[in-house]
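Residue-level listing of the chains:
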Amino acid sequence: MAKIGILGGSFNPIHAGHMRMAVEARESVGLERVLLMPAGEPPHKPAEGMLPFAHRLRLVELAVRGVTGLSASGFEGTRTGPSYSVDTLLALREKMPGDELHFIMGSESFLALPGWNRGLEIPHLCSIIVVLRPGADSGSIAAFAEANWPGMERAGASHTRFACGTGLFTVNMPVLEVSSTDIRRRWRERRCLAMLVPHAAEEILERGGSAYEQAWGQREENG
């Protein structure tokens, strides 16, 4: 049984924060690999301004190249309709029945799970790794989990178990003030993206093209 992490998102585009999140989760929980999985149709993001799936997946493929334990997954590109996490995890359990799945998410997303489409069912499908954002800590995450999934059991300083048997892990990571929204703005302004996005992805973004300008807007003139 392999311990596999799943990090989903629109990745419009992928940036250094996404990469660091995947690395911290893999190392802290001892995952064999993390699949970075662009959403086919992100349900909580407007279609306007969204790069086509193939472009977002290509950027992820370039980003993970050479990074130990990280892989790109085009799984969502094979499915139709909104990319709800619960449906993705159900499909992955059928596709990977022998693996132990760990769903990776930021603390703000974890705290919003009651408002997701069948979000409270996710612990019954896999373990959850919560990457702590500023203002969140292991204690607040554990208290929230107990309020929504009674019967939690402590298994370690940053590890508790849901009553159904899956795990809840909390992971710290360096604060990186970077977002896809900011990357898109910098790209339109032709500002340097070095150290904000993986180098291979940066080269593709710098070349640009009609698909990028159609989704993100026209770039400013050089000089």
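In this text the structure is predicted, and so the values were computed from the model without any measurement.

Cut-offs used in this document
Residues numbered from 1 in each chain as written. Predicted model: local features only at pLDDT ≥ 70, side-chain atom pairs only at ≥ 80, totals over all residues. Heavy atoms only, no water. Helix = DSSP H or I, 4+ residues; strand = E, 2+ residues; numbered from the N terminus. Contact = heavy atoms within 4.5 Å. Polar contact = N/O pair within 3.5 Å; in protein donor to acceptor, adjacent residues only side chain to side chain. Salt bridge = Lys/Arg side-chain N within 4 Å of Asp/Glu carboxyl O. Buried < 20%, exposed > 50% of the residue type's maximum accessible area, 1.4 Å probe, protein only. Disulfide = S-S within 2.5 Å. Pairing = 2+ DSSP bridges. Core = buried A, V, L, I, M, F, W, Y, C linked by side-chain atoms within 4.5 Å. Right-handed = clockwise from strand over helix to strand, strands pointing away. pLDDT = per-residue confidence, 0-100.

Some words on unusual backbone geometry
Part 1 of the reasoning: For the bond from Asn12 to Pro13, the omega torsion is 5°, close enough to zero to count as cis.
Part 2 of the reasoning: With respect to the element layout, Pro13 can be found in the loop between β1 (3-9) and α1 (16-29).
Part 3 of the reasoning: A positive phi angle, near 55°, is found at Arg118, a position not held by glycine.
Part 4 of the reasoning: Inspection of the secondary structure puts Arg118 in the loop between α4 (107-111) and β5 (127-131).
Part 5 of the reasoning: Notably, Met195 is not glycine yet its phi reads approximately 75°, a positive angle.
Part 6 of the reasoning: Within the element layout of this structure, Met195 appears in the loop between α6 (180-188) and α7 (199-207).

A short note on the environment of Trp149
Part 1 of the reasoning: Relative to the assigned elements, Trp149 resides in the loop between α5 (138-148) and β6 (153-156).
Part 2 of the reasoning: Counting along the chain gives 15 residues from Trp149 to Cys164, while the straight-line C-alpha distance between them is 9.4 Å.
Part 3 of the reasoning: With near-sequence residues (within four places) excluded, Trp149 lies in contact with Phe110, Leu113, Gly119, Leu120, Pro123, Phe144 and Phe162.
Part 4 of the reasoning: For Trp149, the side chain forms a polar contact with the main-chain oxygen of Leu120, separated by 3.0 Å.

As for the pattern of salt bridges
Part 1 of the reasoning: This model, assessed by the stated rule, comprises eleven salt bridges.
Part 2 of the reasoning: Among the ionic pairs, Arg118 bridges to Glu121, the shortest N-O distance being 3.1 Å.
Part 3 of the reasoning: Judged by relative accessible area, Arg118 falls into the partly exposed class, the value being 38%.
Part 4 of the reasoning: For Glu121, a relative accessible area of 34% puts it in the partly exposed group.
Part 5 of the reasoning: The network of salt bridges with common partners includes Asp182, Arg185, Arg186, Glu189 and Arg191.

Some thoughts on the state of the cysteines
Part 1 of the reasoning: Scanning all chains against the criterion turns up zero disulfides.
Part 2 of the reasoning: Among the cysteines around Cys126, which has no disulfide bond, Cys164 carries the closest sulfur, lying 9.3 Å off.

Details of the pairing of strand β4 (residues 100-106)
Part 1 of the reasoning: The buried count for β4 comes to six of seven residues, which makes it a mostly enclosed element.
Part 2 of the reasoning: Note that β4 and β5 share five bridges and pair parallel. Residue pairing across strands places Ile104 opposite Ile129, the latter belonging to β5.

Notes on the nonpolar core
Soluble, globular proteins show a tendency: their nonpolar side chains are buried together.
Part 1 of the reasoning: Grouped together as the largest cluster of nonpolar side chains are 37 residues, with contacts concentrated most on Leu36 and Ile104.
Part 2 of the reasoning: For this core, the element with the highest residue contribution is α1, accounting for six residues.
Part 3 of the reasoning: When neighbours within four sequence positions are excluded, Leu36 is seen to be in contact with Leu7, Phe11, Ile14, Met19, Ala22, Val60, Val64, Leu70, Ser71, Ala72 and Ser73.
Part 4 of the reasoning: Counting 28 residues, the second-largest nonpolar core is a separate cluster that includes Leu89, Met105, Leu125 and Cys126.

Some remarks on the pairing of β1
Along a regular strand, successive side chains alternate from one face of the sheet to the other.
Part 1 of the reasoning: Sheet analysis places β1 next to β4, joined by four bridges and oriented parallel. Note that in β4 the partner of Lys3 across the bridge is Glu100.
Part 2 of the reasoning: Taken together, the six bridges between β1 and strand β2 (residues 33-38) define a ladder with parallel strand orientation. Paired with Leu7 across the strands is Leu36, a residue of β2.
Part 3 of the reasoning: A crossover links β1 with its parallel partner β2, the connecting element being α1, and its sense is right-handed.

Details of the confidence of the model for the chain
Part 1 of the reasoning: Here the chain averages 93 in pLDDT, while 100% of its residues score no lower than 70.
Part 2 of the reasoning: Ranking the elements of the chain by mean pLDDT puts β6 last with 88 and β2 first with 98.

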